[in-house]
Amino acid sequence: MAGLTGRMSTVVKAKVSKLLDRAEDPAETLDYSYQKQVEQLQNVKKGIADVVTAKKRLQMQETTLKQSVVKLDTQARQALSSGQEDLARTALERKNVAQTELQGLDTQVSELEEQQQKLTDSEQKLRAKIESFRTKKEVIKAQYSAAEAQVKISEAATGVGEQMADVGLAMQRAVDKTENMKARADAVSELEAAGTFDDITALGSGEDDIDRQLKSLSSQSAVDDDLAKMRAEIGAGDGAPAPAGEIAAPSGEPAPAEAAPQAPPAEGGQS
Amino acid sequence: MIVRISGEDQYRLADSDAARLDELEQAVIALVNGGQEDGFADAYATLLDYVRSQGERVGDDEIETSEVILPPSDLTFAEAGREFTGEGLIPD
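Residues numbered from 1 in each chain as written. Chains lettered and ligands numbered in written order. Predicted model: local features only at pLDDT ≥ 70, side-chain atom pairs only at ≥ 80, totals over all residues. Heavy atoms only, no water.

## Considering the pattern of salt bridges
Between side chains of opposite charge, a pair can form as their charged atoms come close.
Right, so step 1: Applying the stated rule across the entire model yields 22 salt bridges over all chains.
Right, so step 2: Here glutamate 85 of chain A ties to arginine 231 of chain A by a salt bridge, and the two come within 2.9 Å at their closest N and O atoms. With glutamate 85 of chain A in helix α3 (residues 85-143) and arginine 231 of chain A in helix α6 (residues 220-234), this pair connects stretches of sequence that are 146 residues apart.
Right, so step 3: Arginine 231 of chain A sits in the partly exposed class, given a relative accessible area of 29%.
Right, so step 4: Arginine 12 of chain B is the salt-bridge partner of glutamate 64 of chain B, the closest N and O atoms lying 3.2 Å from each other. One end of the pair, glutamate 64 of chain B, is in the loop between β3 (56-57) and β4 (68-70); the other, arginine 12 of chain B, is in strand β2 (residues 10-12), and 52 residues separate them in sequence. (Salt bridge = Lys/Arg side-chain N within 4 Å of Asp/Glu carboxyl O. Helix = DSSP H or I, 4+ residues; strand = E, 2+ residues; numbered from the N terminus. Buried < 20%, exposed > 50% of the residue type's maximum accessible area, 1.4 Å probe, protein only.)

Spelled out as structure tokens, the structure:
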């Protein structure tokens, strides 16, 4: 080949050629080649749809987590105002975990966005090449003798095949990335399922398994900072403690927080 | 000479550009072989930029086979390393 001796490009090219051998037999008839190309285009579309699905899943989790952050923050405030520092700390720990997950999700959503864009571009290019092939095959059929046609077919099919292999490569990278992201999405789901972001007021007294795990997951210094900040905002958390039962609803009345018409001691209610 | 940047486009370069292209590629390979991650991204970007700036983009409706295929622009240092040990971007 023209001058390049570099290993990098030759290795990649060798691998693409290998894929081509698998994907496309240039000796096959023109119409059959075309038919196969169109089929592969469908696969690319499916690949794009998979990326979109993965992205949507992450986005839904983002929405849920954002709601949890707001809710837990409000509840921490309420707990602190009523002098229940332990409960406030638990809520802030949960909020901290939710925020960390949220940041991770954010990065991944934009990465998937990028993959989706790349695949869409690739799909358009492949579509254009296939369309050219369709035109070209009619010309070849009409103008060339059998022997000449064979060469032309081979050239055209290899050219389209290369484009297809390239799209395949892009798809593979997208799939790899999506797989990695599934792991994170699953992790968030597990935290959700374990009740990590649940209503803090539904919690009994004392710490349970979730809380112990959360302590290890969340950044204690960040929680301490949050707590101090909140205390300052509320204005001397050691002030008159609110009547017991307002927040934690100790045994007996597990106040349904969402609907609870309790007057929030500090500031605006959740929603 | 047709050069493809994987995941992007094909470019038509003059045969006389091959020597410079080769130099740039060798520079990247030297970094990878030397385990020098610093500078890898820049060196690789320089190689791809050379192709993009010197070459003329092949139209989407033109059917051409590439003589050189370069890995995608988001190639990581680790991937570049694997590229040379057989476990490349495209599985064998």
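From this point, the discussion proceeds with the structure in view.
## Things to note about the environment of glutamine 220 of chain A
Residues and elements named next belong to chain A.
Right, so step 1: Tracing the backbone through its elements, the reader meets glutamine 220 in helix α6.
Right, so step 2: The exposure class assigned to glutamine 220 is partly exposed, which follows from its relative accessible area of 27%.
Right, so step 3: Glutamine 220 sits 127 residues away from glutamate 93 along the chain, and the two C-alpha atoms are 7.6 Å apart.

## Structural notes on the sheet that holds strand β1 (residues 2-5) of chain B
Residues and elements named next belong to chain B.
Right, so step 1: Overall, mixed pairing links the 4 strands, which are arranged β3-β2-β1-β4 in an open sheet. Every other strand in the sheet has two partners, leaving β3 and β4 as the edge strands with one partner each.
Right, so step 2: Here β2 pairs with β3 via 2 bridges, running antiparallel. When the sheet's bridge partners are listed, arginine 12 is paired in β3 with glutamate 56. (Pairing = 2+ DSSP bridges.)

## Here's the deal with the nonpolar core
Right, so step 1: Ranked by internal contacts, the top residues of the largest apolar core, which has 36 residues, are Leu58, Leu65, Leu119, Leu126 and Phe133 of chain A.
Right, so step 2: Elements represented by at least two residues in this core include exactly α2 (30-81), α3 and α4 (146-193) of chain A.
Right, so step 3: A per-element tally of this core places α4 of chain A first, with 14 residues.
Right, so step 4: Among all residues touching phenylalanine 133 of chain A, those that are not within four sequence positions of it are Leu30, Ser33, Tyr34, Gln37, Ala156, Ala157 and Val160 of chain A together with Ile63 of chain B. (Core = buried A, V, L, I, M, F, W, Y, C linked by side-chain atoms within 4.5 Å. Contact = heavy atoms within 4.5 Å.)

## Examining the pairing of β1 of chain B
Residue and element names in this part refer to chain B.
Right, so step 1: Burial along β1 is two-sided: Ile2 and Arg4 facing one way and Val3 and Ile5 facing the other are all buried.
Right, so step 2: Note that β1 and β2 share 3 bridges and pair antiparallel. Bridge assignment links arginine 4 to a residue of β2, and that residue is glutamine 10.
Right, so step 3: Counting the residues that bridge the hairpin from β1 to β2 gives 4 residues, and of these glycine 7 lies at a positive phi of roughly 80°.
Right, so step 4: Pairing of β1 with β4, which is carried by 3 bridges, proceeds in the parallel orientation. Counted as the bridge partner of arginine 4 is isoleucine 69 from β4.

## Some remarks on the packing of α2 of chain A against α6 of chain A
All names here are of chain A.
Right, so step 1: In contact at an axis separation of 10 Å, α2 and α6 are set at 60° when each is read in the N-to-C sense. Seen from above, α2 lies across α6 with right-handed handedness. From α2, Asp73, Ala76, Arg77, Leu80 and Ser81 reach across to α6, where they touch Leu227, Met230, Arg231, Glu233 and Ile234.
Right, so step 2: Looking at the contact of α2 with α6 residue by residue, the class counts come to 5 nonpolar, 1 polar and 4 charged. (Axes fitted to C-alpha atoms, helices over the stretch in contact; angles between N-to-C directions. Left-handed = near helix turned anticlockwise from the far one by under 90°. Nonpolar A, V, L, I, M, F, W, Y, C, P; charged D, E, K, R; others polar.)

## So, the confidence of the model for chain A
Residues and elements named next belong to chain A.
Right, so step 1: Averaged over all residues, the pLDDT of chain A is 74; the fraction at 70 or higher stands at 68%.
Right, so step 2: The secondary structure element of chain A with the lowest average pLDDT is helix α1 (residues 7-23), at 59, and the one with the highest is α3, at 88.
Right, so step 3: Confidence drops under pLDDT 50 across residues 239-271; counting only partners more than four residues distant or on other chains, this segment forms 41 contacts. (pLDDT = per-residue confidence, 0-100.)

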